[in-house]
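# Chains, contacts and geometry: an overview
The residues making up each chain are set out below.
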Amino acid sequence: MLANLNLLLLLVILLTTAAGFFVSRRINDWGYRHREEEGEYLQKLYYIQGQAESPALAKDIRIFGLMPWLRSVYDSVFRLYEAFTARRERVYAWSCVVDVLLGIARNGIAYWYLISLTLQNGLSASEFLLYFTAFTGFSAWVTGILQEAAVLHKESIGISVVQEYLNLPEPFRFAEGKPVPKADRYELRLEHVSFRYPGAETPIFRDLNLALRPGEKLAVVGLNGAGKTTLVKLLCGFYDPDEGRVLLNGEDIREFDRADYYRLFSAVFQDFSDLDLTVAEAVSQSVSGIDTGRVKDCLERAGLAEQARAFPKGLDTHLGKNVYLDGVELSGGQKQRLMLARALYKDGPFLILDEPTAALDPIAEDDIYRKYNEMTAGKSAVFISHRLASTRFCDRILFLQDGMIADEGSHEELLRKGGGYAQLFDIQARYYQEGREFYGREF
C-alpha cells in the first residue's frame, strides 16, 4: 500500500530505523569495550568488602583501628566506580536521544507528505487515516524487529564474556589425556626444567634436574624465594615448565589426564582450604560414604584424635562459624593437624608436606616427627621446612639456591661439606646453644 502511494516512504522508514539500530548497537557495545575497566573497580570493591568482613582479620582491624581506613579506601574506589557508571549511562542516554530524533524525523516526514497530498490532491479523511495507519504500523513493525535484534545483540555481548572465559585455552589435558597407569610404586623426575612466572624477569629454576625415587623421603630447604613451593607445584602438575619435562615413571605428565594425575598426591600446603564442614567431612572431603573408622585412624596419626573426641558432637561437630552457629573454631595448629589427617585419608602414593608444622608448638611438632615414618610408609614424600633440624629424618636433603640445587645429601653429609645448608644450620643452632649457656642448664 505504501509502495503504491510513494516508494520514498518505505525508504524513509527503512533508512531511519536501520540508522537507529546501528547507532544503538555501537553505543551498547561501549559497555563491552570497557568491561575490563568495570571489572577492575568491582574486583577492588568486592575484595575490600570481603576483607573488612573477614573473621580472620577482625582482630587486626580492631587492634589497629583499620575500619576508618578501610572505609576510606572503599569510598575512594566506589567514587571511581560511580564516575564510570555515570559516564556509561550518559553514553547509553545518547541511544535514546538518537531514537527519539529519528522517530521525530520519520513521523514528521510522513505527516508532511500525507498533509501535502491532502491539501493538493484532496485526500479524504478516511484515506488519510488509512495511509497514516499503514505508515505507523509498518514503521512500528520494522522498528520492533530491529529493537529486538539490538536487545539480542546486547545480551549476546554479555554472554560473550562468559564464552571468552569458557574458551580460554586449557594448558593441560583432562578428559582427552590418557589415564595414569597403575603401578605399585612411582618415580617422579624433573629433566632439565626451567620455569619463570609470567611477567617475571628472573627464572625461578634454570636447567633443574631432580629424581624423587619410589619410597624416598626428600627434604627441601632454602631461603625465602628459593623456589621450594614452586618446586612442589611443578611436581604436583599445577604448573608446566617453560623448558624441560616432568616425568612419571619415565613418561611426560603432559600426556596424562591431569585430574587423574592429581589423584596421586596427598598434600598439606602452606595456604590450605578449611571449609565449614563437619570433622568427618573435612577429613574425608566427602558428604556420603564416609569411612568413620578410617577418619578416626587418620586423626589419631595426625595427633588430633583427643581433641576430636572432646568436641560436642565428635566427628559430627561443625567446624567454623561462617555457616553454623554451633561450629567450633580450631586453632592454627589444630587446623594443620586436620589438614594432615585429610592428606592421610586420601592416601596418595606421593605425600607433600609444605611447612606442615609451622603453627605447631615444639611438643606437637616433635610428635609429628616421631610419626613421620609411619605416615610415609610405602610412599614417596617431599618435606619442606625452614627448621633444618626437622630434616634429619629424611633420606635426602636438597638445599635450593639461585634457581638450582646448591647442596644435596644427608644431614650429616651436608654439615661436613660446610656449604649453605651448614651455615644456615649453624645460625639456627647458635641461638639454642646461647640459650643453654645463658641459663646454665639443659632443658
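Up top is the structure.
Residues numbered from 1 in each chain as written. Predicted model: local features only at pLDDT ≥ 70, side-chain atom pairs only at ≥ 80, totals over all residues. Heavy atoms only, no water.

### A short note on the overall build of the chain
When helices and strands are counted, the chain shows 16 helices and 10 strands. Taking the principal axes of its C-alpha atoms as reference, the chain extends roughly 120 × 50 × 45 Å. The burial tally for the chain puts 41% of its 443 residues in the buried class. In the chain, the proportion of contacts linking residues at least 24 apart, taken out of those at least 6 apart, comes to 70%. Charged side chains in the chain number 50 positive and 60 negative. The centres of these two groups are separated by 1 Å. (Helix = DSSP H or I, 4+ residues; strand = E, 2+ residues; numbered from the N terminus. Buried < 20%, exposed > 50% of the residue type's maximum accessible area, 1.4 Å probe, protein only. Contact = heavy atoms within 4.5 Å. Lys, Arg positive; Asp, Glu negative; His and termini not counted. Charge placed at Lys NZ, Arg CZ, Asp CG, Glu CD.)

### Let's talk about the side chain of E281
Mapped onto the secondary structure, E281 falls in helix α9 (residues 279-284). Leaving out residues up to four positions away in the same chain, E281 has contacts with S286, V287 and I290.

### Details of the packing of helix α3 (residues 35-52) against helix α5 (residues 67-121)
Running from amino to carboxyl end, α3 crosses α5 at an angle of 155°, the nearest separation of the two axes being 10 Å. Overall, the two elements α3 and α5 adopt an arrangement that is roughly antiparallel. The two elements α3 and α5 cross, and the hand of that crossing is left-handed. Listed contacts from α5 to E37, E38, Y41, L42, K44, L45, I48, Q49 and A52 of α3 are M67, L70, V73, Y74, V77, F78, L80, Y81, F84, R87 and R88. In the contact of α3 with α5, the residues fall into 14 nonpolar, one polar and five charged. (Axes fitted to C-alpha atoms, helices over the stretch in contact; angles between N-to-C directions. Parallel < 35°, antiparallel > 145°, perpendicular 65-115°, else oblique. Left-handed = near helix turned anticlockwise from the far one by under 90°. Nonpolar A, V, L, I, M, F, W, Y, C, P; charged D, E, K, R; others polar.)

### Regarding α5
Compared with an ideal rise of 1.5 Å per residue, which puts 55 residues at 81 Å, α5 spans 79 Å between its outermost C-alpha atoms and is within 8% of the ideal. Trailing α5 by a residue or two, G122 shows a phi angle of about 70°, which is positive. (Expected span 1.5 Å × (residues − 1).)

### Describing the sheet that holds strand β8 (residues 380-384)
Strand order in the open sheet formed by six strands is β6-β7-β8-β3-β9-β10, and the pairing between neighbours is mixed. The sheet terminates laterally at β6 (265-268) and β10 (404-409), the two strands that pair on one side only. Averaged over all neighbouring strand pairs, the angle between strand axes comes to 20°, with direction disregarded. Sheet topology places strand β3 (residues 217-222) next to strand β9 (residues 396-401); five bridges connect them, and they run parallel. In the strand pairing of β9, G222 is matched with L400. The strands that helix α12 (residues 332-346) touches are β6 and β7 (350-354); relative to β6, the one it contacts most, it runs at about 175°. (Pairing = 2+ DSSP bridges.)

### A look at the environment of V12
Along the chain, V12 turns up in helix α2 (residues 7-33). Along the chain, V12 and R245 lie 233 residues apart, while their C-alpha atoms are 67 Å from each other. With residues near it in sequence (within four places) discarded, V12 still touches R106 and I109.

### With respect to the pattern of salt bridges
This model, assessed by the stated rule, comprises 21 salt bridges. Close ionic contact of D240 with R254 constitutes a salt bridge, the shortest N to O distance being 3.8 Å. Here R254 lies in the loop between β5 (251-252) and α8 (258-262) and D240 lies in the loop between α7 (228-236) and β4 (243-248), a separation of 14 residues in the sequence. The salt bridge partner of D347 is K379, with a shortest N-O separation of 2.4 Å. With D347 in the loop between α12 and β7 and K379 in the loop between α14 (372-375) and β8, the pair connects residues that are 32 residues apart, well separated along the chain. (Salt bridge = Lys/Arg side-chain N within 4 Å of Asp/Glu carboxyl O.)

Such coordinate-based values are descriptive only and should not be taken to indicate function.
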